[in-house]
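Residue strings, one per chain:
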Amino acid sequence: MNEKVIDITELHKSFKEVKAVDGLSFCVQKGELFAFLGVNGAGKSTTINILSGILPKDSGTVTVCGEDIDKHAESIRCKLGIVFQASALDKRLSVKDNLKSRAALYGIFGEDFRRRLDELDGMLGLKELLQRPLVKLSGGQRRRVDIARALIHNPELLILDEPTTGLDPQTRQTVWRVIDELRQKRKMTVFLTTHYMEEAAIADYVVILDAGKKVAEGTPHELKTKFATDTVRVYSHLDEAQQLCAEGYSVKRERDFVDIEVKNTAVATQLITARPELFDDYEVLKGNMDSVFLRVTGKNIEEA
Amino acid sequence: MKELKKFWALTVRNMKCYFKDKFLFFVSLITPMILLVLFVTFLREVYISSFKGIFEQFGFETDARLVNGLAGSWLLSSVVSVCAVTVAICSNAVMIQDKIEGSVNDLKTSPVKGTTLSLSYFAANFLVTLTVMLAVIAVGFVYLAIVGWYISFVDVLLILADTLCCVLFGTLLAGVIESYIGTQGALSAVSTLVSSLYGFICGAYMPLSQFDEGVRNVLCVLPGTYSVGITRVHFMQGYVKELGRQGLSEQGQKAVLDSFDGNLYVSKTQIPLWSMYVILLGTCALLLVAYVTIVVLQNRRHTARRVRG
């Protein structure tokens, strides 16, 4: 039986008249990569801040690793590692001083700290950064240090609040390599908020938030099946293909091709077999998470 | 024991954050630097001519070393008492910067008690202010040794004890005033206001004896006046004793002390040294109660809001 690492029921949080989180309920299973999607202001960071004990909730229940956040806040904090959207480390202190001061808060001192620092160095390549002040590091290097800080106490649950936003592709790859390693070797549960749909697409489970409310949830496959449409892209007989709009298809003409929107692959097959003369040169494109997001929120996440 | 180790780790971290921030360190030293510039440019001459004026009234003459040392010791007592507050206000900025830059959220997600976190800010501020003040005193003593040293060993110890009291007062005052500050603007406003006003209202820049009696009585209500008062006594008494040894009458010595706040008066009544300590340390006790209450209330409010849900 699956074990719930996070269980949230009817969570409410308002800032004066603004309902940041409005009756949110979901759960995260042990060992899974959970993606939390939403435009800016959807309530993602507020939920994370409540989970980590920074913000008090207005109502609802929040259980982390089987413990109620109201009764066992300190014990829960030992099991959480958080990478904040903006680095929350001390900019003028060296990387080593930052990690040392944070490790001490979890009771990790002396030889234990040195051992853990070596492990993190092996994972994130920190050695050449240790003596440098945080303020002198690049965005990618700083992100690696943020992740090292979140992992300093070997947490059971790693919360990543938009960890790859603004990073170059190489650093994004490094971040994902570390996440994969943590999940494979340590079976760590990863709770992720992201703006990148390709990152959400590889999650085990996705919850989409809009205006503080859950608007969709499921595995990426379930969501795509339910909300996304496939596209038949035709590269020949463009004028004839465009006429399909008269038969009720949604058709979009571009310079070199025509996109015909179809409900799913089965419908695409029916169309192709019914009108084979139009399909000399074509491909069927599966619906992606972008179209899921657009469909359920009516918003394009890249514009958010 | 573990919580104590966490407390010390946080205290060290807070101190490092202060000393590594060169701008913050520089801002903390603005008040002593302003006093030094004022002293070098014109205050020194003003003090020396005032001392000489008093000596002339009593038909007394002395060498330049004693007068220069007396003027220097007066300045140094001002620097110690004022800077204990202004440095504490600036060094406590680490706490406010943590709120502004979000570091406090990172600390709050760690298994550390809110009270431990708050007390670590207080302890770091106390140690930072004390370190800066001891450095300032060391430089001041070197200066006095060059221009004229007449301070006894006992007075040196008493000056260090006074510094400890002033730093305690400054740190507690900073803790209470800055507990509710959460923006850079508010921090700048408080720092500027305290740095520019505090020296005037406690008689550090200008002796209270120069003020109108009514104003002087009002200023004597403020506890900061007594932090200046106690340091004045111990910085000046060695020089005044030497004046007596060289032949200045008791009346003349009293005139020097009265004119330069070596003696403080409410109306016509002299305030004894012991009551200055009582008032200053009593105020420290009240500020400590206020600070602890604020810390406990802030932590309780956060926990209560969390549990209420």
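Residues numbered from 1 in each chain as written. Chains lettered and ligands numbered in written order. Predicted model: local features only at pLDDT ≥ 70, side-chain atom pairs only at ≥ 80, totals over all residues. Heavy atoms only, no water.

### Comments concerning the sheet that holds strand β2 (residues 18–29) of chain A
Paired through backbone hydrogen bonds, the strands of a sheet run either parallel or antiparallel to each other. Residues and elements named next belong to chain A. As a reminder of what qualifies: A pair of strands is labelled paired if DSSP reports no fewer than 2 bridges between them. Strands are runs of DSSP state E lasting at least two residues, helices are runs of H or I lasting at least four, and both sets are numbered from the N terminus onward. Any two residues having at least one pair of non-hydrogen atoms within 4.5 Å are treated as being in contact. Orientation is described by lines fitted to C-alpha atoms, with helices fitted over the stretch in contact, and by angles between N-to-C directions that extend from 0 to 180 degrees.
Here we have 4 strands laid out as an open sheet, ordered β2-β1-β4-β5, and antiparallel in their pairing. Whereas interior strands pair on both sides, the edge strands pair on one side only; in this sheet they are β2 and β5 (67–68). Where strand β4 (residues 59–64) and β5 come together, 2 bridges link them in antiparallel fashion. Note on β5: the bridge partner recorded for Val64 is Glu67. In the packing of helix α1 (residues 44–51) onto the sheet, the strands contacted are β1 (4–15), β2 and β4, and the crossing angle to β1 comes to about 115°.

### What to know about the environment of Gly218 of chain A
All names here are of chain A. Basically, it comes down to this: Whether a residue is buried, partly exposed or exposed follows from its accessible area with a 1.4 Å probe, protein chains only, as a fraction of its type maximum: under 20%, in between, or over 50%, in that order.
Relative to the helices and strands, Gly218 resides in strand β10 (residues 213–218). Gly218 sits in the buried class, given a relative accessible area of 0%. The sequence separation of Gly218 and Glu261 amounts to 43 residues, and the corresponding C-alpha distance is 23 Å.

### Considering the domain arrangement of chain A
We count it as follows: As annotated, the domain borders come from an automatic or database domain assignment.
Each assigned domain of chain A is listed with its residue range as follows: domain 1 (4–223) and domain 2 (229–286). Averaged C-alpha coordinates put domain 1 of chain A and domain 2 of chain A at centres separated by 42 Å.

### Some thoughts on the pattern of salt bridges
When the charged atoms of two side chains lie near each other, side chains of opposite charge can form a pair. Residues and elements named next belong to chain A. Stated formally: Think of a salt bridge as a Lys or Arg side-chain nitrogen and an Asp or Glu carboxyl oxygen that are within 4 Å of each other.
Per the stated rule, a full pass over the model turns up 36 salt bridges over all chains. The shortest N-O distance in the salt bridge between Lys44 and Glu162 comes to 3.7 Å. With Lys44 in helix α1 and Glu162 in the loop between β7 (157–161) and α6 (169–186), this residue pair connects regions lying 118 residues apart in the sequence. Overall, the relative accessible area of 4% leaves Lys44 in the buried class. The class for Glu162 is buried, based on a relative accessible area of 5%. Measuring nitrogen to oxygen at the nearest pair gives 2.9 Å for the salt bridge that ties Asp239 to Arg253.

### Here we look at the interface of chain B and chain A
In plain terms, the rule: Think of a polar contact as two N or O atoms within 3.5 Å of one another; within protein, one of them needs to be a possible hydrogen donor and the other a possible acceptor, and neighboring residues in sequence only count if both atoms come from side chains. Only Asp, Glu, Lys and Arg are considered charged in this grouping, and only Ala, Val, Leu, Ile, Met, Phe, Trp, Tyr, Cys and Pro are considered nonpolar; every other residue, Gly among them, is considered polar.
In this complex, chain B contributes 28 residues to the contact, which on the side of chain A involves 32 residues. On the surface where chain B and chain A come into contact, there are 5 salt bridges. Arg13 of chain B is the salt-bridge partner of Asp90 of chain A, the closest N and O atoms lying 2.5 Å from each other. Our enumeration of links across chain B and chain A arrives at 8 residue pairs in polar contact (both at pLDDT 80 or more). Partitioned by chemical class, the residues of the side of chain B that touches chain A number 7 nonpolar, 7 polar and 14 charged.

### Thoughts on the environment of Val289 of chain B
Mapped onto the elements, Val289 of chain B comes out in helix α13 (residues 273–308). Between the alpha carbons of Val289 of chain B and Leu172 of chain B there is a distance of 9.7 Å; along the sequence they are 117 residues apart.

### Things to note about the pairing of strand β13 (residues 258–262) of chain A
Looking down a regular strand, the side chains alternate between one sheet face and the other. Residues and elements named next belong to chain A. When you tally the buried positions in β13, you get 4 out of 5 residues, the bulk of the element. Bridge analysis of strand β11 (residues 230–234) against β13 gives 5 bridges, and the strand direction is antiparallel. Within β13, the position partnered with Arg233 by the bridge is Asp259. Note that strand β12 (residues 250–253) and β13 share 4 bridges and pair antiparallel. Looking at the pairing, Lys252 lines up with Asp259 of β13. The hairpin formed by β12 and β13 contains 4 residues between the paired strands.

### Thoughts on the confidence of the model for chain B
Residue and element names in this part refer to chain B. Our working rule: Scored from 0 to 100, pLDDT reflects the predictor's confidence in each residue.
Of the residues in chain B, 97% have a pLDDT of 70 or more, and the chain-wide mean is 88. Across chain B, element-level confidence peaks in helix α8 (residues 153–177) with a mean pLDDT of 95 and bottoms out in helix α2 (residues 22–28) with 81. Counting contacts from residues 304–309, a segment whose pLDDT is below 50, to residues more than four positions away or on other chains yields 15 contacts. For this predicted complex, the interface confidence reaches an ipTM of 0.80, while the overall pTM sits at 0.84.

### Here's the deal with a positive patch on the surface
Applied cut-off: Surface patches are drawn from residues lacking salt bridges whose relative accessible area is over 30%; two like charges belong together within 9 Å, two nonpolar side chains (Val, Leu, Ile, Met, Phe, Trp, Tyr) within 5 Å. Here the Shrake-Rupley method, with its probe set to 1.4 Å, supplies the accessible areas, and only the displayed protein chains count as covering residues. Charge counting treats Lys and Arg as positive and Asp and Glu as negative, with His and both chain ends excluded. Charged side chains are reduced to one point each, which is NZ for Lys, CZ for Arg, CG for Asp and CD for Glu.
On the surface, a cluster of positive charge is made up of Arg132 and Lys136 of chain A together with Lys20 and Lys22 of chain B. By the secondary structure assignment, Lys22 of chain B is in helix α2.

### Quick notes on the environment of Ser52 of chain A
Mapped onto the secondary structure, Ser52 of chain A falls in the loop between α1 and β4. Here Ser52 of chain A is in contact with Arg77, Leu80 and Ile82 of chain A together with Lys108 and Thr109 of chain B, once residues within four sequence places are set aside. Among the polar contacts made by the side chain of Ser52 of chain A, one reaches the main-chain carbonyl oxygen of Ile48 of chain A at a distance of 2.9 Å.

### Focus: the nonpolar core
Rules: The nonpolar core is taken to be a set of buried Ala, Val, Leu, Ile, Met, Phe, Trp, Tyr and Cys residues, with the residues joined through side-chain atoms within 4.5 Å.
One finds Phe26 and Phe191 of chain A together with Val256 of chain B to be the most contacted residues of the largest nonpolar core, which totals 177 residues. Looking at this core, the element that brings in the most residues is helix α4 (residues 64–91) of chain B, giving 16 residues. Contact partners of Val256 of chain B, with chain neighbours within four places excluded, come to Phe51, Ile54, Phe55, Leu70, Met236, Val240, Leu243 and Leu248 of chain B. Ala241, Val258, Val262 and Ile272 of chain A belong to the second largest nonpolar core, which has 13 residues in total.

### A word on the sheet that holds strand β14 (residues 282–285) of chain A
Residue and element names in this part refer to chain A. Judged by pairing direction, the sheet is antiparallel, and its 4 strands sit side by side in the order β12-β13-β11-β14 without closing on themselves. With partners counted over all chains shown, the strands left at the sheet margins are β12 and β14, one partner each. Between one strand and the next, the sheet's axes are offset by a mean angle of 20°, whatever the strand orientation. The sheet contacts of helix α10 (residues 265–274) involve β11, β13 and β14, and relative to β13 the element is tilted by about 125°.

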